[in-house]
Amino acid sequence: MSYVEQPSLGREIAVPARLPMILKQFCKAAIRTQPYDLLKWSGSYFRALADGEEPPVKSRLEYPPSSTASGLTLGFLRVLLRQFGNYNKTLPIEIISRHWECLCLDRRDLDTILAIGGFRRTCQVKKFLAIAVGLLGANLTETMIMICQLFSHEPDGGSAMIPLTLFIEIYEYLAGLACDGSEKDIFDQGTTERTACKESSVDHTCSINSQDTDVDINLDSELMSKEEVDLSKTDLSTEPIENSSLEREATTNEENENESLTSQKDGKDTIGKKFCGVKDVNSDGSLSSGVEKHTKITYYPNVPGIGPRVSTERVTNVAAWMLECARLQEGMVGPRNIRHTNCPSLHERSMSKS
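Residues numbered from 1 in each chain as written. Predicted model: local features only at pLDDT ≥ 70, side-chain atom pairs only at ≥ 80, totals over all residues. Heavy atoms only, no water.

Turning our attention to the overall build of the protein chain. Helix and strand content of the protein chain: 13 helices and 8 strands. Expressed as a percentage of the 354 residues in the protein chain, the buried residues total 34%. In the protein chain, the proportion of contacts linking residues at least 24 apart, taken out of those at least 6 apart, comes to 63%. When the accessible area of the protein chain is evaluated, it comes to approximately 22700 Å², of which 52% is carbon and sulfur surface. (Helix = DSSP H or I, 4+ residues; strand = E, 2+ residues; numbered from the N terminus. Buried < 20%, exposed > 50% of the residue type's maximum accessible area, 1.4 Å probe, protein only. Contact = heavy atoms within 4.5 Å. Areas by Shrake-Rupley, 256 points an atom, 1.4 Å probe, with all protein chains shown as cover.)

Below is the structure:
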């Protein structure tokens, strides 16, 4: 029996009167948003409608589209801003990650943003979005123009003005970040980095200058020296030995024990270097330089939209210019003030090598 000929068994399927309109709105939202994973995005869309939340939908079709299928665009950041509600909020990373995945965006971009901002459990929405915009720009000047377009309450195509206080706060925050791909200096490594130590296939982090690590190393050195002393106390010739065969056997045993002692010491040194980053032991038995970092050379992430740290003098000059513009614009500034010929450059210009 075909499907159309099956009896309804006395049940009637109730079709909601608003179903055609719901499907129509869904199709329009999918066309405007152009999600990478339509099935996953559809589940997030209807779940948001059922929970009374802002759905992950762009306000209009974005052009030009992203260069990659799951790439980040300013339109997706506008969707996140609408879902978060207020850019002054501080949200848990789990909530931000969930909204990010609902838009089917690349997870690697999210990890980069969290790494640059140093966000662990929570983060402020405007700082998160500011770094995200930095992934789109070619330099800090273009990034600040797009930030004005993102946080402005004006419609698309307008002057994209934002409050002066918001502009200065975000600019000073991004200007203090180092994202030029350069090598980190010793000061930053010593204060911000942590070394991963492995013990019995269990990963845990320990500070480079951790006192516990130094104690453990000293304890291992003491244990090694005690074992060496105990083994050296083994006397194979306490009584005179006249038999040459016994003497040769005792000599062989002593050589084997010396080799065993050497292999034990080398093995412990290898384990110490592998799991706790201990350097070679000096001739006097002391450690050469305590704990060695697993990664000797670390670099800042290379994000052209943020670039290197901006000097304090440049930040002060930009703030003075924007303050002068805000006095004539009721406390608001925008892209036209950034593009003005009298505006100082917002980013450090790279010097070409001759």
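Before going further, it helps to examine the pattern of salt bridges. Scanning all chains against the criterion turns up 9 salt bridges. Between Glu-348 and Arg-314 there is a salt bridge; the shortest N-O distance is 3.3 Å. Of this pair, Glu-348 sits in the segment after helix 13 (335-338) while Arg-314 sits in helix 12 (residues 312-328), placing them 34 residues apart in sequence. Residues participating in the shared-partner salt-bridge network are Arg-60, Arg-78 and Asp-156. (Salt bridge = Lys/Arg side-chain N within 4 Å of Asp/Glu carboxyl O.)

Buried residues of helix 4 (residues 93-102): Ile-93, Ile-96, Ser-97, His-99, Trp-100 and Cys-102, and no others. Looking at the buried residues of helix 4, the elements they touch are helix 2 (38-50), helix 3 (74-84), strand 1 (90-92), helix 5 (107-117), strand 2 (122-124) and helix 6 (125-134).

Let us look at the packing of helix 3 against helix 7 (residues 140-151). Look at helix 3 against helix 7: their axes get within 10 Å of each other, and the N-to-C directions meet at 45°. Taken together, the axes of helix 3 and helix 7 are oblique relative to one another. Remark: the crossing between helix 3 and helix 7 carries right-handed chirality. Touching Leu-74, Leu-77, Arg-78 and Leu-81 of helix 3 are Met-146, Gln-149, Leu-150 and Phe-151, all from helix 7. Residues belonging to the contact of helix 3 with helix 7 are distributed by class as follows: 6 nonpolar, 1 polar and 1 charged. (Axes fitted to C-alpha atoms, helices over the stretch in contact; angles between N-to-C directions. Parallel < 35°, antiparallel > 145°, perpendicular 65-115°, else oblique. Left-handed = near helix turned anticlockwise from the far one by under 90°. Nonpolar A, V, L, I, M, F, W, Y, C, P; charged D, E, K, R; others polar.)

Attention now moves to the nonpolar core. Ranked by size, the top nonpolar core spans 61 residues in total, and within it Met-144, Phe-151, Phe-167, Leu-174 and Met-322 carry the most contacts. Contributions of two or more residues to this core are made by helix 3, helix 4, helix 5, helix 6, helix 7, helix 8 (164-175), strand 7 (302-307) and helix 12. With 9 residues, the single largest contributor to this core is helix 8. Apart from the residues within four sequence positions on either side, Met-144 is in contact with Phe-167, Ile-170, Tyr-171, Leu-174, Ile-338 and Leu-346. Core analysis: the second largest hydrophobic core is formed by 7 residues, Ala-30, Trp-41, Val-57 and Cys-104 among them. (Core = buried A, V, L, I, M, F, W, Y, C linked by side-chain atoms within 4.5 Å.)

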